[in-house]
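Below are the chains, spelled out letter by letter.
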There are 2 protein chains.
Amino acid sequence: MNKVESAISLLRSKSIRPSIARIKILEYLSHTTEHPTVEMIHTSLLPAIPTLSKATVYKTVGLLVEAGLARLLYGEDCEAHYDADISDHGHFQCTRCGKIYDFAVNLALLETEGLERFAVTERNVFFRGACPRCLSE
Amino acid sequence: MNKVESAISLLRSKSIRPSIARIKILEYLSHTTEHPTVEMIHTSLLPAIPTLSKATVYKTVGLLVEAGLARLLYGEDCEAHYDADISDHGHFQCTRCGKIYDFAVNLALLETEGLERFAVTERNVFFRGACPRCLSE
DNA sequence: TTATTAGTATGTACTCATTACAATAATATA
DNA sequence: TATATTATTGTAATGAGTACATACTAATAA
Ligand SMILES: [Mn+2]
Ligand SMILES: [Mn+2]
Ligand SMILES: [Zn+2]
Ligand SMILES: [Zn+2]
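For every chain, the first residue of the written sequence is number 1, and numbering continues from 1 along that sequence. Chain letters and ligand numbers both follow the written order, the letters beginning at A and the numbers at 1. Note on the predicted model: pLDDT of at least 70 is required for a residue's local features to be given, and 80 or more for side-chain atom pairs to be given and counted; whole-chain, interface and lining totals, by contrast, use all residues. To get the side-chain values, take all heavy atoms of the structure and skip hydrogens and water.

Chemist: It is not clear to me how the coordination of the manganese ion (ligand 2) should be interpreted in this structure. Could you clarify?
Modeler: Reference geometry at the metal: tetrahedral coordination by four donors gives ideal angles of 109.5 degrees; octahedral coordination by six donors gives 90 or 180 degrees. All names here are of chain B. Only nitrogen, oxygen and sulfur atoms count as donors, using a 2.8 Å cut-off from the metal that widens to 3.2 Å for Na, K and Ca. Water is left out, so coordination shells may look unfilled. Within the protein, the manganese ion (ligand 2) binds to His35 (NE2), Asp83 (OD), His89 (NE2), His91 (NE2) and Asp102 (OD); these donor distances fall in the range 2.0 to 2.2 Å. The sequence motif formed by the donor residues of the manganese ion (ligand 2) is H-x47-D-x5-H-x1-H-x10-D. Of this pair, histidine 35 sits in the loop between helix H2 (20-30) and helix H3 (38-45) while histidine 91 sits in strand E3 (residues 90-94), placing them 56 residues apart in sequence. Relative accessibility thresholds used throughout: buried, under 20% of the residue-type maximum; exposed, over 50%; partly exposed, between the two (1.4 Å probe, protein chains only). Judged by its relative accessible area of 3%, histidine 35 falls in the buried class. Runs of H or I in DSSP of at least four residues are treated as helices and runs of E of at least two as strands, each being numbered from the N terminus.

Right, dumping it as structure tokens:
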């Protein structure tokens, strides 16, 4: 199964009609580690889909998050970043360059207390600091 | 040492001149579990300080965060929430009512991989889901 | 005390991400 | 085909946050 088919079947599995915009946006999210913003997604796809509007990007990423095909992160700048990697992993944002990095984290080992009567649907681990690249400058 | 003295000495310890606005804002943050936004802080303190402007609240909470006297959380709505409890603890935001709750978490047990060359200065654990109150409706 | 200065607070205008909405285009169904 | 439904677009509005110039306050010096 190639990239496009994979995106299409993912969308179909969530009963989302696989339009060009949706396929391309999901594909783009699936093949980047950048955790892009709406602005970045729009800019990146505009050459391929010249008619793509930001409104569509906003709507589509909202749809993907709601369907569980992507996750939403808020960075330092209070801008929404999107990530098609929905597996358990932590995020590190560099306070100097703003880049968001993935890291492995064992959430199963995390002991919490006080959430007995809560229905937890989403677990985020978000670290901040300086990345190696910025540290070496 | 009473509330006011405590806020004053906290500010002094960070070389921040304890003006009325700063004392009241820090005090308010220290005695609420609400994780208020700038809007909420401003509304709550306006009766006591009728001349308090939002610009001052923005500036002051920024100052407090920079000094390490408060922490900044981004909720679902991409609005900044402030918390004077700077001890290690996790946050849970209810996706229905928007309320942010504290919970105990043992961050020391959290195993991470891939951050060896990063300088981590801030660790956040952020969960989402439904709170007991919303679940019982 | 008054004058000078630095630090603090205020109001306003602005930026910009996000949302709302109505109009248009595309797609599915009959 | 015609008709209904869904998707996309452009634009206007919203609202959090920032920038900045002005006004105010408090500390220090003369
Ligand atoms: Mn990620
Ligand atoms: Mn808290
Ligand atoms: Zn960096
Ligand atoms: Zn709730």
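Now, onward.
Chemist: Is there a simple way to explain unusual backbone geometry in this structure?
Modeler: Backbone phi values are negative for most residues with the exception of glycine, while trans is the configuration of most peptide bonds. Residue and element names in this part refer to chain A. Look at serine 15: it is not a glycine, yet its phi comes out positive at around 60 degrees. The class for serine 15 is exposed, based on a relative accessible area of 72%. Residue histidine 35 is not a glycine yet carries a positive backbone phi of 50 degrees.

Chemist: What's the story with the interface of chain B and chain A in this structure? I'm lost.
Modeler: Bring the parts together and some accessible area is lost; that lost area is often taken as the interface size. Two residues form a contact once any of their heavy atoms are found within 4.5 Å. Taken together, the contact between chain B and chain A spans 35 residues of the former and 34 residues of the latter. Buried area: the accessible surface (1.4 Å probe) lost by two parts on joining, summed over both. Around 3,200 Å² of area is buried between chain B and chain A when both sides are counted, 65% of it from carbon and sulfur atoms. Of all residues in chain B, Phe118, Phe127 and Arg128 of chain B give up the largest surface area on contact with chain A, accounting jointly for 18% of the area buried on that side. Salt bridge, as used here: a side-chain nitrogen of Lys or Arg that lies within 4 Å of a carboxyl oxygen of Asp or Glu. At the junction of chain B and chain A, the tally comes to 2 salt bridges.

Chemist: What is the right way to look at the coordination of the manganese ion (ligand 1) in this model?
Modeler: All names here are of chain A. Taken together, the protein donors to the manganese ion (ligand 1) comprise His35 (NE2), Asp83 (OD), His89 (NE2), His91 (NE2) and Asp102 (OD), at separations of 2.0 to 2.3 Å. Between consecutive donor residues of the manganese ion (ligand 1), the sequence gaps follow H-x47-D-x5-H-x1-H-x10-D. Residue histidine 89 is found in the loop between strand E2 (80-83) and strand E3 (90-94), and its partner aspartate 102 is found in strand E4 (residues 100-105); the two are separated by 13 residues along the sequence. By relative accessible area, which is 7% here, histidine 89 ends up buried. For aspartate 102, a relative accessible area of 33% puts it in the partly exposed group.

Chemist: What should I look at first to understand the domain arrangement of chain A in this one?
Modeler: Residue and element names in this part refer to chain A. Residue ranges for the domains trace back to a domain assignment, done automatically or taken from a database. The domain boundaries assigned to chain A delineate domain 1 (3-83) and domain 2 (90-136). The interface of domain 1 with domain 2 comprises 9 residues on the first partner and 10 residues on the second. For the pair domain 1 and domain 2, the summed buried surface comes to about 810 Å²; carbon and sulfur atoms form 46% of the total. Area buried by domain 1 at its contact with domain 2 is led by His35, Leu73 and Glu76, which between them contribute 54% of it. Any N or O atom pair separated by 3.5 Å or less is treated as a polar contact, with the protein-specific requirement of one donor-capable and one acceptor-capable atom, and with residues adjacent in sequence counted only for side-chain atom pairs. Applying the counting criterion to the domain 1 and domain 2 interface returns 4 residue pairs in polar contact (both at pLDDT 80 or more). Put simply, the parts of the chain that give the side of domain 1 that touches domain 2 at least two residues each are strand E1 (71-74) and E2. With 3 residues, the single largest contributor to the side of domain 1 that touches domain 2 is E1. Asp, Glu, Lys and Arg are counted as charged, while Ala, Val, Leu, Ile, Met, Phe, Trp, Tyr, Cys and Pro are counted as nonpolar; the rest, among them Gly, fall into the polar class. Of the residues belonging to the side of domain 1 that touches domain 2, the class tally is 2 nonpolar, 4 polar and 3 charged.

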